[in-house]
Amino acid sequence: MLIWKEFGEEHLAELTELAEACLAVDGGLPLFARPPLLRARLLQTRTLGAWHDGGLVAAVGVGTGRVPATSTGLVHPAWRGRGLGGRLLSWAEAQAGDADLLLTTESWNAGADALFTARGFERTFTEWVLRHDLDALPDVARPDGVKTEPVTLDTELFETYSASFADRPGFAAPTAEEWLGDLREDDEYRPDLSLLARGPDGTAVGFVNIIDNWIDQVGVVPDWRGRRVGAYLVGCALRALADDGAREAWLCVNDNNPAADLYRRLGFRDAGRRARYLRRRRP
């Protein structure tokens, strides 16, 4: 027998166990099982959980304080195929009311995808989560004339980032203060391992930012693409992480980003997906 009731901060251990069970089967973003992201995704305005013998087997959170409304739900792998996902989704839609609803999944699976699509949601974003075991490192030759150095959190780094990403579809440029401020405030940002690449004339041509053991961003300015700069930066970052004692490295890459092929050639392996789905309410 299932008991349906709200959950809260006092149930963080149960939420963690549920997220870990889903990640173990589906893969996805491992950070999802950590308290900051669990709180952000599931401890929203309204919550509903399904409990069996004191264990949490399904959960959903809905945030109604923004546009669109947001929701994240999970069903334990052992409890799938019993209609729990459909019930959670119906409840989330009812909480959203007349607002558009954005579904967030950090641990994607095909069954949820089929459910969301059947209910009229459109997948608007998909990323691969990739993992690299650092016991085997790629050997990438340094491009001719390129040198690397630890980053400095200044306007040059921001300008290199902007130049590297400006031609990406949908790129919305932050201000230098916003972008650099986010890095300064992130306790896990590793400026000592992050790198700036310079060409023969000293001009910055690419960069890589590392947060904890994640390769967070890799960028190469347009005139230097196709010269192995990105591959070299990633290879250097992997070696730096290994030398620092990390056993694995992670990154996320959009499913339509050709850089995904590069990362796989460098030894990254698929570790799941994450996605977003949007349903717009008709006037």
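Predicted model, so just to flag it, every value in this text is computed and none were measured. (Residues numbered from 1 in each chain as written. Predicted model: local features only at pLDDT ≥ 70, side-chain atom pairs only at ≥ 80, totals over all residues. Heavy atoms only, no water.)

Following Val67, the chain continues to Pro68 via a peptide bond in cis, the omega torsion being -5°. With a phi close to 50°, Asp53 is a non-glycine residue in the positive phi region. Structurally, Asp53 can be placed in the loop between β2 (46-52) and β3 (55-63). Of note in the backbone geometry, Arg228 takes a positive phi value of approximately 75° without being a glycine. Position of Arg228 among the secondary structure elements: in the loop between β10 (214-220) and α7 (229-243). Note on Arg228: relative accessible area 42%, which makes it partly exposed. (Helix = DSSP H or I, 4+ residues; strand = E, 2+ residues; numbered from the N terminus. Buried < 20%, exposed > 50% of the residue type's maximum accessible area, 1.4 Å probe, protein only.)

Attention shifts here to the packing of aromatic side chains. Within this structure, the stated rule accounts for 13 aromatic pairs. Ring centres 6.0 Å apart and planes at 45° place the aromatic pair Phe158 and Tyr161 in the tilted group. Placement of the pair is Phe158 and Tyr161 together in helix α5 (residues 155-165), with a separation of three residues, close to one helical turn. For Tyr161, a relative accessible area of 7% puts it in the buried group. Where Tyr161 meets Phe165, the ring centres are 5.2 Å apart and the plane angle is 40°; that geometry is what we call tilted. (Phe/Tyr/Trp six-rings, centres within 6.5 Å; stacked < 30°, edge-to-face > 60°.)

A word on helix α2 (residues 35-42). By the burial criterion, the buried members of α2 are Leu37, Leu38 and Leu42. Buried residues of α2, seen end-on, are gathered within an arc of 105° and therefore sit on one face of the element. (Arc of directions from axis to C-beta.)

With 33 residues, the main nonpolar core has Ile215, Val229, Val234, Tyr263 and Phe268 as its most contacted residues. Take this core: its biggest share by element is ten residues, from α7. Among all residues touching Ile215, those that are not within four sequence positions of it are Val208, Asn209, Val234, Ala237, Leu238, Trp250, Leu251 and Phe268. Leu29, Ala33, Leu37 and Leu56 belong to the second-largest nonpolar core, a separate cluster that totals 20 residues. (Core = buried A, V, L, I, M, F, W, Y, C linked by side-chain atoms within 4.5 Å. Contact = heavy atoms within 4.5 Å.)

What follows concerns the pattern of salt bridges. Per the stated rule, a full pass over the model turns up 22 salt bridges. A salt bridge links Glu106 to Arg41, with the shortest nitrogen-to-oxygen separation between them at 2.9 Å. Note that Glu106 is positioned in the loop between β5 (101-105) and α4 (110-118) and Arg41 in helix α2, a separation of 65 residues in sequence. Among the ionic pairs, Glu127 bridges to Arg274, the shortest N-O distance being 2.6 Å. Here Arg274 lies in strand β12 (residues 269-279) and Glu127 lies in strand β6 (residues 122-133), a separation of 147 residues in the sequence. Through salt bridges that share partners, Arg41, Glu106, Glu127, Arg274 and Arg276 make up one connected network. (Salt bridge = Lys/Arg side-chain N within 4 Å of Asp/Glu carboxyl O.)

What follows deals with helix α1 (residues 12-26). The terminal C-alpha atoms of α1, which comprises 15 residues, lie 21 Å apart, in line with the 21 Å expected from a rise of 1.5 Å per residue. If you follow the buried residues of α1, they end up packed against α2, β3, β4 (69-75) and β12. With its phi angle positive at about 75°, Gly27 sits one or two positions after the end of α1. (Expected span 1.5 Å × (residues − 1).)

Moving on to a negative patch on the surface. Residues Glu177, Glu178, Asp182 and Glu185 make up a contiguous surface patch of negative charge. Taking the relative accessible area as the measure of exposure, Glu185 reaches 63% and is therefore exposed. (Patch = residues over 30% accessible without salt bridge, like charges linked within 9 Å, V, L, I, M, F, W, Y side chains within 5 Å. Areas by Shrake-Rupley, 256 points an atom, 1.4 Å probe, with all protein chains shown as cover. Lys, Arg positive; Asp, Glu negative; His and termini not counted. Charge placed at Lys NZ, Arg CZ, Asp CG, Glu CD.)

Counting through the fold element by element, Thr105 comes out in strand β5. Taking the relative accessible area as the measure of exposure, Thr105 reaches 12% and is therefore buried. Note: C-alpha distance between Thr105 and Leu74 (31 residues apart in sequence) is 8.4 Å. Once you skip the residues sitting within four places of it in the chain, Thr105 turns out to touch Arg274, Ala275, Arg276 and Tyr277. Among the polar contacts made by the side chain of Thr105, one reaches the main-chain carbonyl oxygen of Ser107 at a distance of 3.3 Å. (Polar contact = N/O pair within 3.5 Å; in protein donor to acceptor, adjacent residues only side chain to side chain.)

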